[in-house]
Amino acid sequence: MIDYGIVFAAILTVLIEYVVLRCLGERRRRVLGASVAINILTNVPLNLYLIHNPSGMPVILLLEGIVMAIEAAWYYLFVKDLRQAAIYSVLCNAISFLIGILIEPILVLLETI
């Protein structure tokens, strides 16, 4: 059975991080495509874990930190600049995480309707 919440979270994360990269001036298709791939590979397992293992904020932040490190390494393979890869990863993940926190109450409210 498909968990549409996981699918929605993955799609939203991909879209947010794509927009962040474009706002940072990234235009290379390889980098933008790499962003889509790595977000699917990190976002889906992270959200599946959190659904099945409800965790407090310290654990969530630790897991987000691990995701940021993985994504920074991935970006580095494509941009060949460690500073730029780290900036991409930190900004993309921070912004998508904050937007997720802001819209979560709305999504919970919609589920009760």
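Presented here is an overview of the structure given in this document. (Residues numbered from 1 in each chain as written. Predicted model: local features only at pLDDT ≥ 70, side-chain atom pairs only at ≥ 80, totals over all residues. Heavy atoms only, no water.)

## Some thoughts on the packing of helix H1 (residues 4–23) against helix H4 (residues 82–112)
Quick note on the threshold: Only C-alpha atoms enter the line fits that serve as axes; for helices the fit covers just the stretch in contact. Angles between N-to-C directions range over 0 to 180 degrees. Numbering of helices and strands runs from the N terminus; a helix is a DSSP stretch of H or I covering at least four residues, while a strand is a stretch of E covering at least two. Just so you know how the angles are binned, under 35 degrees is roughly parallel, over 145 roughly antiparallel, 65 to 115 roughly perpendicular, and the rest oblique. Each crossing gets its handedness from the near helix: less than a right angle anticlockwise from the far helix is left-handed, clockwise is right-handed. Should any heavy atoms of two residues lie within 4.5 Å, those residues are counted as being in contact. In this classification, Asp, Glu, Lys and Arg are treated as charged, Ala, Val, Leu, Ile, Met, Phe, Trp, Tyr, Cys and Pro as nonpolar, and every other residue, Gly included, as polar.
Where H1 contacts H4, the axes come no closer than 9 Å and their chain directions differ by 135°. In terms of orientation, H1 and H4 fall into the oblique class. Crossing of H1 over H4 shows right-handed handedness. For the pair formed by H1 and H4, the contact residues are Phe-8, Leu-12, Thr-13, Ile-16, Glu-17, Val-20 and Leu-21 on the first element and Tyr-88, Leu-91, Cys-92, Asn-93, Ile-95, Ser-96, Ile-99, Ile-103 and Leu-107 on the second. Tallied by class, the residues present in the contact of H1 with H4 amount to twelve nonpolar, three polar and one charged.

## A look at a nonpolar patch on the surface
Note the cut-off: Here a patch means residues that are over 30% exposed by relative accessible area and free of salt bridges, tied together within 9 Å if like-charged and within 5 Å if nonpolar (Val, Leu, Ile, Met, Phe, Trp, Tyr). Under the convention used here, a 1.4 Å probe and the Shrake-Rupley method define accessible areas, while residue burial counts only the protein chains that appear. Think of a salt bridge as a Lys or Arg side-chain nitrogen and an Asp or Glu carboxyl oxygen that are within 4 Å of each other. Summary of the burial criterion: residues with accessible area below 20% of their type's maximum are buried, those above 50% are exposed, and those between are partly exposed, where the area comes from a 1.4 Å probe applied to protein chains only.
Taken together, the side chains of Phe-8, Ile-106, Leu-107, Leu-109, Leu-110 and Ile-113 make up a nonpolar region of the molecular surface, amounting to roughly 620 Å² of accessible area. Among the elements that make up the nonpolar patch, the one with the highest residue count is H4 (four residues). Judged by its relative accessible area of 53%, Leu-109 is exposed.

## Let's talk about the side chain of Thr-13
Definition in use: Polar contacts, as used here, are pairs of N or O atoms within 3.5 Å; protein pairs need one atom able to donate a hydrogen and one able to accept it. Residues neighboring in sequence count only if both atoms are side-chain atoms.
Here Thr-13 shows up in helix H1. Since its relative accessible area comes to 12%, Thr-13 is described here as buried. Side chain to side chain, Thr-13 and Asn-43 meet in a polar contact 3.0 Å long. With residues near it in sequence (within four places) discarded, Thr-13 still touches Asn-39, Asn-43 and Ser-96.

## Quick word on H1
Quick reminder of the rule: Helices are assigned an expected span. That span is 1.5 Å times one less than the residue count.
Compared with an ideal rise of 1.5 Å per residue, which puts 20 residues at 28 Å, H1 spans 28 Å between its outermost C-alpha atoms and is within 8% of the ideal. Within the span of H1, buried status applies to Ile-6, Ala-10, Thr-13, Val-14, Ile-16, Glu-17, Val-20 and Leu-21. Packing partners of the buried residues in H1 comprise helix H2 (29–52), helix H3 (57–79) and H4. Sitting at the amino-terminal end of H1 is Asp-3, which places a side-chain oxygen 2.9 Å from the backbone nitrogen of Gly-5. Trailing H1 by a residue or two, Gly-25 shows a phi angle of about 95°, which is positive.

## Overview of the environment of Val-31
Relative to the elements of secondary structure, Val-31 occurs in helix H2. Residues Val-31 and Tyr-76, 45 residues apart in the sequence, show an inter-C-alpha distance of 9.6 Å. If we ignore the near neighbours within four places in the chain, the residues touching Val-31 are Glu-26, Tyr-75, Phe-78, Val-79 and Tyr-88.

## Focus: the pattern of salt bridges
All chains considered together, the criterion is met by one salt bridge. Of the charged contacts, one joins Glu-26 and Arg-28 as a salt bridge, the two residues approaching to 2.7 Å between their closest N and O atoms. For Arg-28, a relative accessible area of 38% translates into the label partly exposed.

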